[in-house]
Every structure is written in C-alpha cells, then in structure tokens.
Amino acid sequence: MRYRLWRFGVFLAASVPPLYWLYCAAFNLLGPDPGKALVDNLGLGALILLLITLAMTPLQQLTRWGGWIAVRRQLGLWCFAYAALHLSGYVLFIAGLRLELVLRDLSERPYIIVGALAFVGLLMLAVTSNRFSIRRLGRKWKTLHRLVYIILLLALLHMLWVVRADLGEWLAYALMGGGLLLTRVSVVASGLQRAGALCRENPKKVEI
Amino acid sequence: MLIRVPPSSRALESEVTPESVYLSRRKLMQGSLALAAMTAMPGLASADTPGVYADVEPSKAPGWFQEKLAAARWQAITAEGESITPFKDATHYNNFYEFGTGKGDPAANAGKLQVEPWTVMVDGEVSKPGRYSIEDLVKPHAFEERIYRLRCVEAWSMVIPWLGFPLADLLKQVDPTSSARYVRFETLVDRERMPGQRSGFSLIDWPYVEGLRLDEAMHPLAFMAVGMYGRVLPNQNGAPLRLVVPWKYGFKSIKSIVRISLVEEAPKTTWERIAPNEYGFYANVNPQVDHPRWSQATERRLPSGLFSPNVIDTRMFNGYEEVADLYAGMDLARYY
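Residues numbered from 1 in each chain as written. Chains lettered and ligands numbered in written order. Predicted model: local features only at pLDDT ≥ 70, side-chain atom pairs only at ≥ 80, totals over all residues. Heavy atoms only, no water.

For the rest of this paragraph, the subject is the UniProt feature "domain: Oxidoreductase molybdopterin-binding" (unreviewed entry) in chain B. Under the feature "domain: Oxidoreductase molybdopterin-binding" (unreviewed entry), the UniProt entry names residues 113-271 of chain B. Between the end C-alpha atoms of residues 113-271 of chain B the distance is 23 Å, and the span holds 13% helix and 36% strand. (UniProt positions renumbered as here; feature names shortened; annotations may be inferred. Helix = DSSP H or I, 4+ residues; strand = E, 2+ residues; numbered from the N terminus.)

Spelled out as structure tokens, the structure:
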C-alpha cells in the first residue's frame, strides 16, 4: 500500500481529539456541563473534518501529489465517526436517553431535522465507501457521493440555527465551505490545475 | 377551617438550619471577619470577605459591602435541600456576551471591568430620579442571602446563593410615580474593556436591555444581588449590581446594571429584538412552552457528570409557583 506512513499519521491525528476530550471529561477539565461540551466539540470536529475531506481534491489538483486522494476516504469516514459520536452524545447527554424527547425534537425542531438529514447522508456515503460498493454501483457511485455537497450545506445550516448572537465563527466555516464548493466549478478546477502545473514548471519563480 | 397553602419556595421545618449550627457559623464568620479586619489594616476601606462556602476565592470587597455583611440574614430563602452548585462552576460557566459568547469567556475577560466607582442612573417615572452611587443605593437595605435555582434558556441550571436585597426595596427608595408600568434595565457599555461589544459579527445592539412589569419587579422574590457565596459578586457574574428573577430564564437577570428607568411602555428587550419568536418579554420558565429550537421540558442541573448526566424535569416558574398570580388569565404560550 502506498503512502502507508502518511495514512497512519492521518489516522493518529484524527483519533487524538476524541481521546483528548474524553481525558478532559474524566479529569473534570470540560467544565460543569461536560456532555454538552463533548457534543459541541464532536459536532464542530465533524464539520472541520468534512471541510478537510473536501479540500483533498483541490489540493491534489494544485500539487499533483497522490497522498491527498489516498487519505480522502479515511477522512470522510472520520467525519462520519465524529458525527455518529456527536449524535450519540446528544441522545445520551442532552436528551438524557429519553427517547420520547428525541422523537419530539426530530419531529419539531428544524435544526435537529437538518442535522439528522446530514447524518443520514453521511451514513449512506460511509456504507458505500468500500471497494465492493464502488464496483457494484459503477457510475451511480459518483453521483451518490456528490451528496457530500448537500451534506455540507445541511451541516452549515444546522450550525447556523444553533448560533444565538454572534455570527463570526459560523461565517468563518461558511466561507471555507463556500470556497471549497467554488473549487468544484469546472473553470476554477482547471484554473487550479494550471496553477499547479505552473508551479511545477517554474518552482524557483514561485518560491520567490 | 383555614387552609393555608405555603409558597413552594418556603423552607420546611426539617430544612431549617438548627440554631446551634446557625449560631456557630455566625460565630465563625464573626471570627473570620475580625481576622480579616486585622489583616487588612493598611486598606481600611476593603477587607477579605470571609468564606462560608467551599472553594470560594477570596476577594477584596468594597466598604459598603463589608459594612452590610455582618448583619446579613443568612439563608433567608433556601432551595429546598438541593445541593449548591460549586463556586468554580457558577463563576466559570457564564453567559455574559459583553465578554464573549463562549461559556469560559466571561471568567477569562471580565477581570478588567472597572467596578469602582459605580453609579446607577435612575430616571423616568420616579419622584427621586438621579445618578446614584452604588453606596447610596445599597445603604438603606439590609442584606439577605437567598439560595435560588437559576434556569438558563439553554436548558442548563444551577443553584446559587445570592446576597443582596429585594428589588422592591430599591424601587420604593426611588419612589415610582403612578404612571410607571414597567422597569427597564441597562448594562454597561464599555467597548474598551468588554471585548464582546467590539465583535463585528454580533447581532446584539448594545447596551443589553432587560425589563420587568412593575408588579413583577415588586414581587418579593425579585432580587438585586451584590454578592454570591458569601462574598462580593465576581465581575463575570455581574458585579457590582445585578438582577435575579428566579422564576424567569436567566437572561432576564441582567448583569452590571448602570441604568434603571421606570417607564410607561414595555421596553424592547435585547433578546426580543434579536429573535422575537424565540425570546419573549416575559420569559417565564415553562416546561410546556418550548424554545423553537429546543425543548424546555428538561434541564441539565450543573454540575452534570459525563457518565451520570444530571437531566431533571423543568418545573413551572422554575418551581416558584407563588408568582402564578402575576399571570392570572394570561395565555403563557402567547406571552412566553
């Protein structure tokens, strides 16, 4: 397998935050509401991982380095794992395992509905991320995995609806997401590829 | 036969601290007061506040606070045997958007707030308007300690021992005229020391404004706090003067008050302006009326453990049902 060390490094980097938060929770470093803090951290972590996953393609176009694509699926799966923990944290810590509350939230609260939809989307992508599904689905696989753009928009909407009084942080993530979506426009994508080619041709010139 | 229904916040006989314990604590406090006075000789105006609660950070208290403390009526109201939130949690998990939107921001950023000297502008429909110093506002009133449940609109809650005096006493002091219907409160604006007010993306139009109907403000449970946990208020908790309205969501309990106006019309409060469909003027704690974005049926009583989440049912009026008369005949789903 190529990029073995690189893949392993990414695996380590992605697994550290949840372990660190768990450590903080165990030693009372997350404050008096550790469940809520954990749910918030995992949710934000899932969004950041989604943005990082989406950054792999433009980075590959720009640099032509295969390592970006080599970790793309892993990062996507990490995003799913964070989202799954975020969801279980909400059921456990916020709803206190009272399923009637969860069901009421699911039927009444737009931001919960949007979050749940994003999660269902991620789940679909996660279960079809194996080789077997790629072969089996053929062309449809690519169409299906374009869902990721809709998931990004749903996740941003989910976060926007939680904001109470200051849009600054949300705007930063929304701008990053918007920028990454822009790189999917064919003109921008070929521009990135040209820029990447230029860098490789005149490496010195760019360094200056 | 006379049937008497005691208010739910009234302590049961069994909950009353025995006199011997009470007296010994008083003795302890007097002792530490004397000790504090001795150790603080150079700065006569201020002295260390004695601690009655565990892990309370010592603080320098201004003279007007110190003078009142010795004669304070401790545990005038208790929270029916519920355990008190640790001081560290009550002071490091705060919403005070003037200092940032994160729960830790107020504790991190409020240190620079200048609370001395402090004046409060009293204006509008009062016969004694004027700019009052905090000393003058506090002087006529005896301190009481009240242990209140605090329910945040975000579905967490705490139990906090406040020190202060009834809001009604302060209002009587400034004497509202007959046309006064509402009380409007304002928090300090200080862009230099309050970083949240400098944020370019904040939806809040400073200063933070809150309000009560006059009869709500005159209710004996409505409280002006100048201290907590037996000491002066920490800045992040709204020093030097804040409101505590225990039957309403926490955001009604405005902090660091600089202006009190008696007005005829209901004031437009900060949260009403930002999201009127989510935050009404009344903001009474009500498990039957959900916030549009989350349920209010339950709350997390802090501290809540990770593996033992402390989720409890929310009570109507946060358990202070003696205020129900104030809202007789009102549809509380409409006037949320």
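The discussion continues.
Turning next to the sheet that holds strand E4 (residues 119-124) of chain B. Pairing between the strands of a sheet comes from backbone hydrogen bonds, and it takes one of two forms, parallel or antiparallel. All names here are of chain B. On the basis of which strands lie adjacent, the open sheet formed by 5 strands has the order E5-E4-E13-E8-E9 and mixed pairing. Each edge of the open sheet is held by one strand with a lone partner, namely strand E5 (130-133) and strand E9 (209-213). Here the strands of the sheet are splayed against their neighbours by 20° on average, with no regard to which way each runs. (Pairing = 2+ DSSP bridges. Axes fitted to C-alpha atoms, helices over the stretch in contact; angles between N-to-C directions.)

With that settled, consider the interface of chain A and chain B. Contact with chain A, which involves 30 residues of that partner, is made by 34 residues of chain B. Counting each side, the surface lost to burial between chain A and chain B is near 2,500 Å², with a carbon and sulfur contribution of 56%. Linking chain A to chain B there are 4 salt bridges. Across the pair Arg104(A) and Asp290(B) runs a salt bridge whose closest N-O atoms are separated by 3.0 Å. Put simply, the parts of the chain that give the side of chain A that touches chain B at least two residues each are helix H1 (4-26), helix H2 (34-63), helix H4 (72-94), helix H5 (99-108), helix H6 (110-127) and helix H10 (168-182) of chain A. When its residues are assigned to classes, the side of chain A that touches chain B shows 18 nonpolar, 3 polar and 9 charged. (Contact = heavy atoms within 4.5 Å. Buried area = accessible area lost by both parts, 1.4 Å probe. Salt bridge = Lys/Arg side-chain N within 4 Å of Asp/Glu carboxyl O. Nonpolar A, V, L, I, M, F, W, Y, C, P; charged D, E, K, R; others polar.)

Here we take up the environment of Asp215(B). All names here are of chain B. Secondary-structure assignment places aspartate 215 in helix H7 (residues 214-218). For the pair aspartate 215 and threonine 119, spaced 96 residues apart in the sequence, the C-alpha separation amounts to 25 Å. A distance of 2.8 Å separates a polar atom in the side chain of aspartate 215 from a polar atom in the side chain of arginine 213. (Polar contact = N/O pair within 3.5 Å; in protein donor to acceptor, adjacent residues only side chain to side chain.)

Pairs can form between side chains of opposite charge once their charged atoms are near each other. Residue and element names in this part refer to chain A. A complete count under the given rule lists 25 salt bridges over all chains for this structure. In this structure, the salt-bridge partner of lysine 36 is aspartate 40, at a minimum N-O distance of 3.0 Å. Placement of both lysine 36 and aspartate 40 in helix H2 is noted, with a separation of 4 residues, approximately one turn of the helix. Given the relative accessible area of 26%, lysine 36 is considered partly exposed. (Buried < 20%, exposed > 50% of the residue type's maximum accessible area, 1.4 Å probe, protein only.)

To continue, consider the UniProt feature "domain: Ferric oxidoreductase" (unreviewed entry) in chain A. Cross-referencing UniProt, the feature "domain: Ferric oxidoreductase" (unreviewed entry) maps to residues 43-155 of chain A in the present numbering. Structurally, residues 43-155 of chain A is divided into 88% helix and 0% strand, and its ends, taken at the C-alpha atoms, are 9 Å apart.

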